[in-house]
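# Understanding the architecture of this molecule
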Amino acid sequence: MAEEEKVQNEQQVGEKKEKKKSKKDTEIEKLKEELENKNDLLIRTAAEFDNYKKRTEREKSGVAEFAKAGIIKKLLPIIDNIDRASVSNKESADYIKGIEMIVKQFETIVDTLGIEQIGSVGDNFDPNMHEAVMHIEDEEMSENVIAEVLQKGYKLGDTVIRPAMVKVAN
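Residues numbered from 1 in each chain as written. Predicted model: local features only at pLDDT ≥ 70, side-chain atom pairs only at ≥ 80, totals over all residues. Heavy atoms only, no water.

Glancing now at the overall build of the chain. Check the secondary structure of the chain and you find two helices and six strands. Reading the helices (α) and strands (β) of the chain from amino to carboxyl end gives α-α-β-β-β-β-β-β. By the compact-globule yardstick of 15 Å for 170 residues, the chain is too spread out, its C-alpha radius of gyration being 40 Å. The principal-axis extents of the C-alpha atoms in the chain amount to approximately 135 × 45 × 20 Å. Looking at the 170 residues of the chain, the share that counts as buried comes to 11%. For the chain, contacts bridging at least 24 residues in sequence account for 61% of all contacts bridging at least 6. Summing over all exposed atoms, the chain offers an accessible surface of approximately 14,200 Å²; the carbon and sulfur share of this is 54%. For the chain, the separation between the mean place of its 28 positive charges and that of its 36 negative charges on side chains is 9 Å. (Helix = DSSP H or I, 4+ residues; strand = E, 2+ residues; numbered from the N terminus. Rg over C-alpha atoms; globule rule 2.2 N^0.38 Å. Buried < 20%, exposed > 50% of the residue type's maximum accessible area, 1.4 Å probe, protein only. Contact = heavy atoms within 4.5 Å. Areas by Shrake-Rupley, 256 points an atom, 1.4 Å probe, with all protein chains shown as cover. Lys, Arg positive; Asp, Glu negative; His and termini not counted. Charge placed at Lys NZ, Arg CZ, Asp CG, Glu CD.)

The next point concerns the sheet that holds strand β6 (residues 164–169). Whenever strands of a sheet pair, they do so through backbone hydrogen bonds, lying parallel or antiparallel. Spatial ordering of the open sheet is given by β2-β6-β3, a layout of three strands whose pairing is mixed. Pairing within the sheet leaves two strands with one partner each, and these edge strands are β2 (130–136) and β3 (145–151). On average, each strand axis in the sheet is tilted by 35° relative to the strand beside it, whichever way the strands run. The pairing of β3 with β6 spans five bridges and is classified as antiparallel. Counterpart to Val-149 in the pairing with β6 is Val-166. (Pairing = 2+ DSSP bridges. Axes fitted to C-alpha atoms, helices over the stretch in contact; angles between N-to-C directions.)

Burial of the side chains of strand β4 (residues 153–156) is restricted to one face: Gly-153 and Lys-155 are buried, whereas none of Tyr-154 and Leu-156 on the reverse face is. In the sheet, strand β1 (residues 115–118) pairs with β4 via four bridges, with the strands oriented antiparallel. Within β4, the position partnered with Gln-117 by the bridge is Tyr-154.

With that out of the way, let us pick up the environment of Thr-159. By the secondary structure assignment, Thr-159 is in strand β5 (residues 159–162). Considered as a pair, Thr-159 and Met-129 are 30 residues apart in the sequence and their alpha carbons are 9.4 Å apart.

We now examine the sheet that holds β1. Spatial ordering of the open sheet is given by β1-β4-β5, a layout of three strands whose pairing is antiparallel. Because the sheet does not close on itself, it has two edges, and the strands there are β1 and β5. The mean angle between the axes of side-by-side strands here comes to 35°, regardless of whether they run parallel or antiparallel. Sheet analysis places β4 next to β5, joined by three bridges and oriented antiparallel. The partner of Lys-155 across the bridge, within β5, is Val-160.

What follows is about a nonpolar patch on the surface. Taken together, the side chains of Ile-72, Leu-76 and Ile-79 present a nonpolar region at the surface, about 260 Å² in accessible area. Tracing the backbone shows Leu-76 in helix α1 (residues 2–86). (Patch = residues over 30% accessible without salt bridge, like charges linked within 9 Å, V, L, I, M, F, W, Y side chains within 5 Å. Salt bridge = Lys/Arg side-chain N within 4 Å of Asp/Glu carboxyl O.)

So, about the pattern of salt bridges. As enumerated under the stated definition, the model contains four salt bridges in all. For Asp-50, the salt bridge is made with Lys-54, and the minimal N-O distance between the two is 3.4 Å. Here Asp-50 pairs with Lys-54, and both are found in helix α1, just four residues apart, close to one helical turn. Taking relative accessible area as the criterion, Lys-54 reaches 46% and is therefore assigned partly exposed. With a closest N to O distance of 2.9 Å, Lys-167 and Glu-148 form a salt bridge.

Nothing here speaks to function; it is all geometry.
In structure tokens:
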């Protein structure tokens, strides 16, 4: 009988070990499944992010193209008027008047777009907005003052589109 009890004890110990082993196997399987789910989620998230980047880049390009087209559409009447002026009699008073009207038309469009002219005679020189191409000595003017504007500069908001080319005094 003692031997039967011993065999029974060994069987019970073996069953307990199997239960522990099966619990570990079950836990391992659960963890593997969870890891696969997390990996799948990570891969899907990465793919969605990549698609998002591509979509926003396409949208950005579309917006830029639309903005360019809008500006060009506003400039087309000026181009038409320049074409008309180029074939007219350049000695007539109407020609000069036409050129003045084209300049006025262009200035109106520039104002409509919110573009500001920068650089005027008497303004203080600012290297962020002006490009000094010449320097003169003038006793009547203060130091670092614009003496002459050689080419107008323009800005849109805080962005300088083109710095003004200027001659700076002293």
